[in-house]
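Inside the fold
The lines below spell out each chain.
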Amino acid sequence: MSAKILEVKYLKKYFPVKKNMFGKDVEFVKAVDGVDFHIEHGEILGLVGESGCGKSTTGRTVLRLLEPTEGKIIFEGQDITHLKKKKLRSVYKHMQLVFQDPFASLNPRKKVGKAIEEVLFVHGMKSEAQRRERVRQLFAMVGLKGEEDKYPHEFSGGQRQRIVIARALAVNPKLIICDEPVSALDVSIQAQIINLLIDLKNRLGLSYLFISHDLRVVKYMSDRVAVMYLGKIVEIAPAEELFKNPAHPYSLALLSSVSGFRTGKNKKRLILEGEVPSPVSPPSGCRFRTRCNYATEQCSEIEPQIKCVGSNHFVSCHLY
Ligand code: SF4
């Protein structure tokens with residue numbers, strides 16, 4: 001068996017925003033524009049970047065909640081890029097999503113245990129007694145033993161996120177895409193949910209794509225980290241290496257915005273000038289050039305390719 005649970009090759013997701021007089025799409029938001037990465041079995045890959053950089057769209061496209069415009073998504077050796085809905089259901093047994101707003105993802109009129117029983121039914125567990133028992137186990141697993149006969153409003157935000165995690169675990173997934181799973185929670189609760197996710201990962205051998213704008217959380221959670229800017233991955237490295245020796249000028253600026261991460265060559269706070277350019281017409285050459293202090297003429301003419309600059313450390317920048 002390959003060590004990789006997920007491989008994403010040159011993934012693109014464009015959203016049409018303008019048609020010509022013949023009704024043909026002529027302008028697109030290039031939300032994800034040629035992204036490559038992989039996740040190994042049992043690994044947590046963090047995906048960071050400013051809001052609007054394409055992180056969440058990447059997660060949703062990998063899950064096929066959005067149709068990819070181009071590229072390949074390979075899950076456990078199987079190309080799922082163009083799988084039809086019926087066949088996708090068997091993939092969803094192994095790949096699940098936990099997202100930011102736990103309240104929005106729970107039906108307020110349904111007891112939480114019943115909602116999870118429905119998921120189990122859809123995935124083929126026909127015996128009611130088995131479903132009840134599985135729900136009981138899942139609630140115990142996420143620290144909510146005996147709470148399955150309540151409605152969503154009877155829980156706190158952190159507890160609701162535990163329920164969403166229980167629901168994701170119901171079908172025994174191997175990979176969970178966590179999209180800002182703690183951003184909507186109080187800081188005191190965040191640590192509990194993060195530790196629960198790590199504990200479940202270790203106990204059940206899960207892999208995560210962990211999407212977050214919170215660098216501290218990503219550093220704590222991740223084995224490797226990918227940095228995204230305007231639809232592209234600009235740097236990817238083991239977490240410790242990336243936070244110690246960030247190489248791409250954007251990663252340097254991003255990390256320098258958090259006081260605890262200003263180390264070595266990155267001691268001063270670097271202020272990112274200007275706005276993030278429009279993903280409809282991104283800059284030529286390097287997309288970061290309009291905000292980069294090191295930009296040269298070459299940067300506006302040639303798009304930098306991703307290069308290996310150290311052990312498992314890859315950067316796309318003409319400085320390397
Ligand atoms: Fe800056 Fe040029 Fe590197 Fe882009 S390629 S990050 S503009 S130095």
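Not measured: the values here are computed from a predicted model. (Residues numbered from 1 in each chain as written. Predicted model: local features only at pLDDT ≥ 70, side-chain atom pairs only at ≥ 80, totals over all residues. Heavy atoms only, no water.)

All right, on to the domain arrangement of the chain then. Domains assigned within the chain are domain 1 (4-94 + 173-316) and domain 2 (102-172). For domain 1 versus domain 2, the separation of C-alpha centres amounts to 30 Å. Across the contact, 18 residues belong to domain 1 and 13 residues belong to domain 2. Here domain 1 and domain 2 share an interface that buries about 1,300 Å² over both sides, 71% of which is from carbon and sulfur atoms. Of all residues in domain 1, Lys93, Pro173 and Leu196 bury the most surface against domain 2, accounting for 33% of the area lost on that side. On inspection of domain 1 and its partner domain 2, the count reaches 0 salt bridges. On the surface where domain 1 and domain 2 come into contact, there are 2 residue pairs in polar contact (both at pLDDT 80 or more). Here the element with the most residues in the side of domain 1 that touches domain 2 is helix α6 (residues 187-204); it accounts for 8 residues. (Domains from an automatic or database assignment. Contact = heavy atoms within 4.5 Å. Buried area = accessible area lost by both parts, 1.4 Å probe. Salt bridge = Lys/Arg side-chain N within 4 Å of Asp/Glu carboxyl O. Polar contact = N/O pair within 3.5 Å; in protein donor to acceptor, adjacent residues only side chain to side chain. Helix = DSSP H or I, 4+ residues; strand = E, 2+ residues; numbered from the N terminus.)

With that settled, the discussion passes to the side chain of Ser251. Examined against the element boundaries, Ser251 turns out to sit in helix α9 (residues 249-256). A residue is classified by how much of its surface remains accessible, and Ser251, at 0% relative accessible area, is buried. (Buried < 20%, exposed > 50% of the residue type's maximum accessible area, 1.4 Å probe, protein only.)

Once that is clear, we can look at the packing of aromatic side chains. Across all of its chains, the model carries 4 aromatic pairs by this definition. Relative to Phe288, the ring of Tyr250 lies with its centre 5.3 Å away and its plane at 65 degrees, an arrangement referred to as edge-to-face. With Tyr250 in helix α9 and Phe288 in the loop between α9 and α10 (297-301), the pair connects residues that are 38 residues apart, well separated along the chain. Neither Tyr250 nor Phe288 differs from the other in exposure class; each is buried. Among the aromatic residues, those joined into a cluster by ring pairs are Tyr229, Tyr250 and Phe288. The ring of Phe15 carries the charged tip of Lys13 above its face, separated from the ring centre by 5.2 Å. (Phe/Tyr/Trp six-rings, centres within 6.5 Å; stacked < 30°, edge-to-face > 60°. Lys NZ or Arg CZ within 6 Å of the ring centre and 35° of its normal.)

Here the focus is the pairing of strand β12 (residues 313-316). As judged from the 2 bridges shared by strand β10 (residues 232-238) and β12, these two strands associate in the antiparallel manner. Residue pairing in the sheet places Ile236 in a bridge with Phe314 of β12. In this antiparallel pair of consecutive strands, strand β11 (residues 306-310) and β12, the connection spans 2 residues, and Asn312 shows a positive phi of 65 degrees. (Pairing = 2+ DSSP bridges.)

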